Amino acid sequence: MGVLKRYGEFLPVTAKTPAVNLEEGSTPLVRLDRIGSDLGVELWGKLEGCNPSGSFKDRGMVLAVAKALEDGARALVCASTGNTSASAAAYAAHVGVPCYVLLPSGKVAMGKLAQALIYGARVIAVDGNFDRTLEMAREASNERGFAIVNSVNPYRLISQRTGAWEVCEFLGGAPDLHVIPVGNAGNISAYWAGYVEFRDRGKSSSLPRMMGFQAEGAAPLVTGRPCPNPETVATAIRIGNPVSAHLARAAVAESGGEFLSVPDDEILDAQRVLAAKGGIFAEPASCITLAGLMKLKREGRLGEGLRVVMVLTGNGLKDPDAALSQVGKPLSIGGTMEELMEALRP
Ligand code: F0G
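Below: a short report on this structure. Here the structure is a predicted model, which is why all the values come from computation and not from measurement.

1. A look at the overall build of the chain
Now for step 1: Of the regular secondary structure elements, the chain holds 15 helices and 10 strands.
Now for step 2: Taking 346 residues into account, the globule formula puts the C-alpha radius of gyration at 20 Å, and the chain, at 20 Å, falls close to it.
Now for step 3: Principal-axis analysis of the C-alpha atoms places the extent of the chain at approximately 65 × 50 × 40 Å.
Now for step 4: Each of the 346 residues in the chain was classed as buried or not, and the buried ones make up 56%.
Now for step 5: For the chain, the share of sequence-separated contacts (at least 6 apart) that also reach a separation of at least 24 residues comes to 72%.

Here you go:
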């Protein structure tokens, strides 16, 4: 059941809203005991990479696109570090509206680029970073009257709250600590709003601390000022001037949480740990959650026995280059059994 159907009563869905549905949401929440025991916590990973376009963006995109159709939009436009464009392109294709996507040239993971193209979006590579492409997309949306489906579109964040609701329903309440990557700062804000709303509706009894992690080379919320030249291996969160910074700051402040930055090598390290000890392949931006927890543990700042949820925002298959950059090559052998037996030695 897609999120408009599953959570329609809590979303601005009316009789006139088209029932757009790619069966997004209802993603697995997986308990990761091998990693959790190393960290001394009860660790859960929300596998947002299991969404139809392989990232959490689908939760918000489905409502943004449904509302754009309801309002008679002629086309969609967005800027993206990759996942928003893949999601927008998928939903545009599904409902049959044109979609224009602006990408920072050369800085989008291969899988995401392939997605936008194969879904049939008009893909425009801009010589500039994400922050610039977003300014351009906003202007283009005003000029042409296209629906902008970045998280400046309020429906995106409204519908992304569904992630928090699923966590509460699955666990029977909110976790103690919620950790999440922060790029344009929309998702952390949406999760917090979701937790607060479920608490206010009496559907959960507590609120989590919210911790937002940023890459060291793109950490405006940690340093407290925009970062003019963001750079990180986690290209999804290569963002220097997040549009929802104010909401993210409020979420962290209200929940008693914090922002923390993590260097690229620790992000890649965590990607390997998550895969090799959890059986989960998530893209680098997602793995910053585990990298951040590992850092907190090292610093003696991770409370023992906490119930922790980390949002694994995107599928590792989107960025095979990042994974291949840190693992060895397969062992090559000729086609003889002798060589195979040799290779099978412990
Ligand atoms: N993780 C992944 C995999 C992402 O693609 C993004 C954002 C984030 C985390 C951060 O979420 O922006 O709500 O703080 N990707 C956007 C995009 C910017 O264009 O796909 P956020």
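Having seen the structure, we can now continue with the description.
2. Here we look at the nonpolar core
Now for step 1: Among the nonpolar cores identified, the biggest contains 54 residues, and Leu76, Ile188 and Tyr195 are the most heavily contacted of them.
Now for step 2: Considering every element that reaches this core, the biggest residue donor is helix α3 (residues 57–70), with 7 residues.
Now for step 3: Residue contacts for tyrosine 195: discarding those within four places in its chain leaves Ala164, Val167, Cys168, Ala174, Pro175, His178, Ser204, Leu207, Pro208 and Met210.
Now for step 4: Core analysis: the second largest hydrophobic core is formed by 32 residues, Leu39, Met211, Ile237 and Leu274 among them.

3. Topic: the site of the ligand
Now for step 1: Around the ligand, the structure places 21 residues, and the nearest of them are Ser80, Thr84, Asn184, Ala185 and Thr313.
Now for step 2: Within the backbone of threonine 81, a nitrogen or oxygen atom sits 2.8 Å from an oxygen atom of the ligand.
Now for step 3: Within the contact set of the ligand, an oxygen atom lies 3.2 Å away from a backbone nitrogen or oxygen of glycine 186.
Now for step 4: Alone, the ligand offers 470 Å² of accessible surface; in the complex the protein occludes 98% of this.
Now for step 5: Those elements that provide at least two residues to the shell around the ligand are α4 (83–95) and α9 (186–200).
Now for step 6: Looking at the shell around the ligand residue by residue, the class counts come to 8 nonpolar, 11 polar and 2 charged.

4. Overview of the state of the cysteines
Now for step 1: Following the criterion strictly, the structure yields 0 disulfides and no others.
Now for step 2: Unpaired in this structure, cysteine 50 has its nearest cysteine sulfur neighbour in cysteine 287, at a distance of 14 Å.
Now for step 3: Taking the relative accessible area as the measure of exposure, cysteine 50 reaches 49% and is therefore partly exposed.

5. Digging into the packing of helix α8 (residues 162–171) against α9
Now for step 1: Contact pair α8 / α9: the axes reach a minimum separation of 7 Å and the direction vectors enclose 50°. Of the possible angle classes, the one that applies to α8 and α9 is oblique. Read as a crossing pair, α8 and α9 show a hand that is right-handed. Across the interface between the two elements, Gly163, Ala164, Trp165, Val167, Cys168 and Glu169 of α8 pack against Tyr191, Gly194, Tyr195, Glu197 and Phe198 of α9.
Now for step 2: Of the residues in the contact of α8 with α9, the class split is 7 nonpolar, 2 polar and 2 charged.

6. Section: the environment of serine 159
Now for step 1: The residue serine 159 is located in helix α7 (residues 154–160) in this model.
Now for step 2: You can call serine 159 buried: its relative accessible area is 0%.
Now for step 3: Along the sequence, serine 159 and serine 80 sit 79 residues apart, while their C-alpha atoms lie 19 Å from each other.
Now for step 4: Those residues in contact with serine 159 that sit more than four places away from it in its chain are Val3, Leu11, Arg59, Gly60, Val62 and Leu63.

7. A short note on the sheet that holds strand β4 (residues 99–104)
Now for step 1: In spatial order, the strands read β5-β4-β3-β6; together these 4 strands make up an open sheet with parallel pairing. Edge positions in the sheet fall to β5 (122–126) and β6 (147–148), since each of these pairs with one other strand and no more.
Now for step 2: Pairing between strand β3 (residues 76–79) and β6: 2 bridges, direction parallel. For valine 77, the partnering residue across the bridge sits in β6 and is isoleucine 148.
Now for step 3: Contacts between α4 and the sheet are confined to β3 and β4, with β3 contributing the most and set at about 170° to the helix.

Definitions and limits used
Per chain, residue numbering runs from 1 following the sequence as it is written. Local features in a predicted model are, by the rule used here, given only for residues with pLDDT of at least 70; side-chain atom pairs are given and counted only at 80 or more, and totals for whole chains, interfaces and linings are based on all residues. Hydrogens are left out, water is left out, and the side-chain values use all remaining heavy atoms of the structure. Under the DSSP-based scheme used, a helix requires at least four consecutive residues in state H or I and a strand at least two consecutive residues in state E, with every element numbered from the N terminus. In this setup the radius of gyration rests on C-alpha atoms only. A globule is expected at 2.2 Å times the number of residues raised to 0.38. Buried residues are those whose accessible area, probed at 1.4 Å on protein chains only, stays under 20% of the maximum for their type, while exposed residues exceed 50% and partly exposed ones sit between those limits. What makes two residues a contact is simply this: any of their non-hydrogen atoms within 4.5 Å. Each nonpolar core is a collection of buried residues, namely Ala, Val, Leu, Ile, Met, Phe, Trp, Tyr and Cys, held together in the definition by side-chain atoms within 4.5 Å. Any residue with a heavy atom lying within 4 Å of a molecule or strand is counted as near it. Think of a polar contact as two N or O atoms within 3.5 Å of one another; within protein, one of them needs to be a possible hydrogen donor and the other a possible acceptor, and neighboring residues in sequence only count if both atoms come from side chains. Note on areas: Shrake-Rupley, 1.4 Å probe, and residue coverage restricted to the protein chains presented here. When residue character is reported, Ala, Val, Leu, Ile, Met, Phe, Trp, Tyr, Cys and Pro are called nonpolar, Asp, Glu, Lys and Arg charged, and the others, Gly included, polar. Note that a disulfide, as used here, is simply two cysteine sulfur atoms within 2.5 Å. For every element, the axis is a line fit to its C-alpha atoms; helices are fit only across the contacting stretch, and the angle between N-to-C directions ranges from 0 to 180 degrees. Any angle from 65 to 115 degrees is called roughly perpendicular, while one under 35 is roughly parallel, one over 145 is roughly antiparallel, and all others are oblique. Crossing handedness is read from the near helix: turned anticlockwise from the far helix by less than a right angle, it gives a left-handed crossing, and turned clockwise, a right-handed one. Criterion used throughout: strands pair if DSSP finds at least two bridges between them.

All we've got here are geometric facts, nothing functional implied.
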